[in-house]
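# Per-entry structural report
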Amino acid sequence: MTNIDKELIEWAIDMIEKKYKDDVSLLIGQFGACKLPTDEQKMAFDYYVPATERGYQLAETFIIEDMGYDLYPMSFERLEGIADFQEPRMIWVLEKSEVLYAREEVDRKRFEQIKEKLHINLQNKQKTFYQALKFLDVAMEVYNTMLFEENICKIRKAAGGVSSMLAYSLAMVNGLALVDGYGNLIKEVNKMKVKPEKFVQIYQQIIEAALPEEILEHSRKLIQEVRKLLGDMKENYKLAKVDKEGIHYEDLAFWYQEARYTFRKIAYYAEIGYAPQCYSLGCYLQIEFDAIQEDFGLKEMDLLGKFHVKNLNAFAKRAKELEQYIVQMIQENGVKLNEYESLEMFLKYHKM
């Protein structure tokens, strides 16, 4: 069909100027938006930024010949959130975009500042790595659901979700916006410098798989490839993950003072050789460790890796070492624990 993008841009601007002059801040376009490779590639409108509630009425979807069009609204506030990775899958709406119409120069400037903020965030390796881990977590959650599915349609859909989440994860560690993830994932991944060597090969196997068990196995391998890559990179980022100035180590002290009884229980049950209780307490404490590690910028605390029913003493020793590490971190950051040698000392301190 004849390319009519130029005419539609003119139509949209005319609509804004005649009916929504005070209600629309910007009209945003993208080059080759929603086109086939055989279509003529030109600048086309994509979305607009409303200035008032009335501005949302400009939104419209329609079909001309066999081509679908969607003129949809995106507020400045939402775009600012996207630039700050609040919707990391949507960053392509900024990366590919150009201003086609601006109500005022201040509106254009605000949009360009938002794009610049996105680029700054994409260059922040700690920030992008954290987002990469979150995408990996989503992929693993989808995979866990796949394990209980029997319907081939649902399994294929889930495998597509796993693949795309992993591609988004790789895009983040490469500091890139995934601009065509669903349409051409292989092309997107191939242009990345940092990626698992076998990613595209395994993704192709997912596409070609005929049986549910094959799709599951290839999806698992794809997750493993990305998980290993991020695991190898993790040491470079974990220390910068948390802003130390924003940490309140008093809260870590509160956590430890409450958790002290759990450490005590582990020591007791390990001494009497009761493995089930040690395991249960260890699982609880490991979940807590993983949470406070992120919240307080602590090193990785592996407790359950030392659990073995035939060597509970080593497990208890590891729990003690981690306890001492947490206490050390609290004290090194100027926080004094509420510790008392006896009930008398406690009562004396709290005497009314």
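Description of the structure in this document. (Residues numbered from 1 in each chain as written. Predicted model: local features only at pLDDT ≥ 70, side-chain atom pairs only at ≥ 80, totals over all residues. Heavy atoms only, no water.)

## Notes on the overall build of the chain
Each helix and strand in the chain was counted, giving 13 helices and five strands. Taken over the C-alpha trace, the chain has a radius of gyration of 27 Å; the compact-globule value for 352 residues is 20 Å, which it surpasses by more than 25%. Considering only C-alpha atoms, the chain reaches an extent of 85 × 60 × 35 Å along its principal axes. Buried positions account for 43% of the 352 residues belonging to the chain. Within the chain, contacts between residues at least 6 apart in sequence are counted, and of these 64% link residues at least 24 apart. Surface accessibility of the chain: about 20,600 Å² in total, with carbon and sulfur atoms responsible for 50%. (Helix = DSSP H or I, 4+ residues; strand = E, 2+ residues; numbered from the N terminus. Rg over C-alpha atoms; globule rule 2.2 N^0.38 Å. Buried < 20%, exposed > 50% of the residue type's maximum accessible area, 1.4 Å probe, protein only. Contact = heavy atoms within 4.5 Å. Areas by Shrake-Rupley, 256 points an atom, 1.4 Å probe, with all protein chains shown as cover.)

## Notes on the packing of helix 10 (residues 249–271) against helix 12 (residues 312–332)
Where helix 10 contacts helix 12, the axes come no closer than 10 Å and their chain directions differ by 165°. In terms of orientation, helix 10 and helix 12 fall into the roughly antiparallel class. When you trace helix 10 past helix 12, the crossing you get is left-handed. On helix 12, the residues touching Y249, L252, A253, W255, Y256, R260, F263, I266, Y269 and A270 of helix 10 are L312, N313, F315, A316, A319, E323, I326, V327, M329 and I330. (Axes fitted to C-alpha atoms, helices over the stretch in contact; angles between N-to-C directions. Parallel < 35°, antiparallel > 145°, perpendicular 65-115°, else oblique. Left-handed = near helix turned anticlockwise from the far one by under 90°.)

## Description of the pairing of strand 2 (residues 43–50)
Within strand 2, eight of the eight residues are buried, which leaves it mostly tucked inside the rest of the structure. Here strand 1 (residues 24–31) runs beside strand 2; their pairing, made up of seven bridges, is antiparallel. Paired with F31 across the two strands is M43, which belongs to strand 2. Pairing analysis gives two bridges linking strand 2 to strand 4 (residues 67–73), with the strands arranged parallel. Directly across from Y47, in strand 4, lies its bridge partner Y72. (Pairing = 2+ DSSP bridges.)

## Overview of the sheet that holds strand 2
The five strands are arranged 3-4-2-1-5 in an open sheet whose pairing can be described as mixed. The sheet is open, and its two borders are formed by strand 3 (60–64) and strand 5 (97–102), each paired with just one other strand. Across this sheet, the average inter-strand angle for adjacent strands is 25°, counted without regard to direction. On the sheet, helix 4 (residues 105–122) packs against strand 1, strand 2 and strand 5 and is oriented at approximately 170° with respect to strand 5.

## Points about unusual backbone geometry
Positive phi values are uncommon outside glycine, yet F85 reaches one of about 70°. Positionally, F85 belongs in the loop between helix 2 (76–83) and helix 3 (92–95).

## A look at the environment of L304
Mapped onto the elements of the fold, L304 is located in the loop between helix 11 (275–296) and helix 12. Given the relative accessible area of 27%, L304 is considered partly exposed. For the pair formed by L304 and Q205, sequence separation is 99 residues and the distance between their alpha carbons is 35 Å.

## Things to note about the packing of aromatic side chains
Across all of its chains, the model carries 13 aromatic pairs by this definition. Measuring from centroid to centroid gives 5.3 Å for F135 and Y168, while their planes differ by 20°, and the two rings are stacked. Of this pair, F135 sits in helix 5 (residues 125–146) while Y168 sits in helix 6 (residues 152–173), and the two are 33 residues apart along the sequence. The residues F135 and Y168 share a single accessibility class, namely buried. Between the aromatic rings of Y256 and F263, the centroid separation amounts to 6.2 Å while the plane-to-plane angle is 50°, which identifies the pairing as tilted. You can call Y256 buried: its relative accessible area is 7%. Through a chain of ring-to-ring contacts, the aromatic side chains of W11, F45, F62 and Y69 assemble into a single cluster. The ring of Y325 has K299 lying over it, and the distance from NZ or CZ to the ring centre is 4.5 Å. (Phe/Tyr/Trp six-rings, centres within 6.5 Å; stacked < 30°, edge-to-face > 60°. Lys NZ or Arg CZ within 6 Å of the ring centre and 35° of its normal.)

## Re the environment of V173
Here V173 shows up in helix 6. Along the chain, V173 and T128 lie 45 residues apart, while their C-alpha atoms are 5.8 Å from each other. Not counting residues up to four positions away in its chain, the partners in contact with V173 are F129, A132, V194, L230 and M233.

## So, helix 10
What sets the pattern is the α-helix's 3.6 residues per turn: residues three or four places apart point alike. Between its first and last C-alpha atoms helix 10 spans 32 Å; for 23 residues at 1.5 Å apiece the expected length is 33 Å, and the two agree. Within helix 10, burial applies to Y249, L252, A253, W255, Y256, A259, T262, F263, I266 and A270. Contacts from the buried residues of helix 10 go to helix 11 and helix 12. One or two steps after helix 10, the chain reaches G273, where phi turns positive at roughly 75°. (Expected span 1.5 Å × (residues − 1).)

## Focus: a nonpolar patch on the surface
The grouping of Y340, L343, M345, F346, L347 and Y349 at the surface amounts to a nonpolar patch, some 630 Å² of accessible area in total. By the secondary structure assignment, F346 is in helix 13 (residues 343–349). (Patch = residues over 30% accessible without salt bridge, like charges linked within 9 Å, V, L, I, M, F, W, Y side chains within 5 Å. Salt bridge = Lys/Arg side-chain N within 4 Å of Asp/Glu carboxyl O.)

## Quick look at the environment of Q328
Checked against the element boundaries, Q328 lands in helix 12. Relative accessible area serves as the criterion here: at 40%, Q328 is assigned to the partly exposed category. Residues Q328 and Q126, 202 residues apart in the sequence, show an inter-C-alpha distance of 26 Å. A polar atom in the side chain of Q328 sits 2.7 Å from the side chain of E332. (Polar contact = N/O pair within 3.5 Å; in protein donor to acceptor, adjacent residues only side chain to side chain.)

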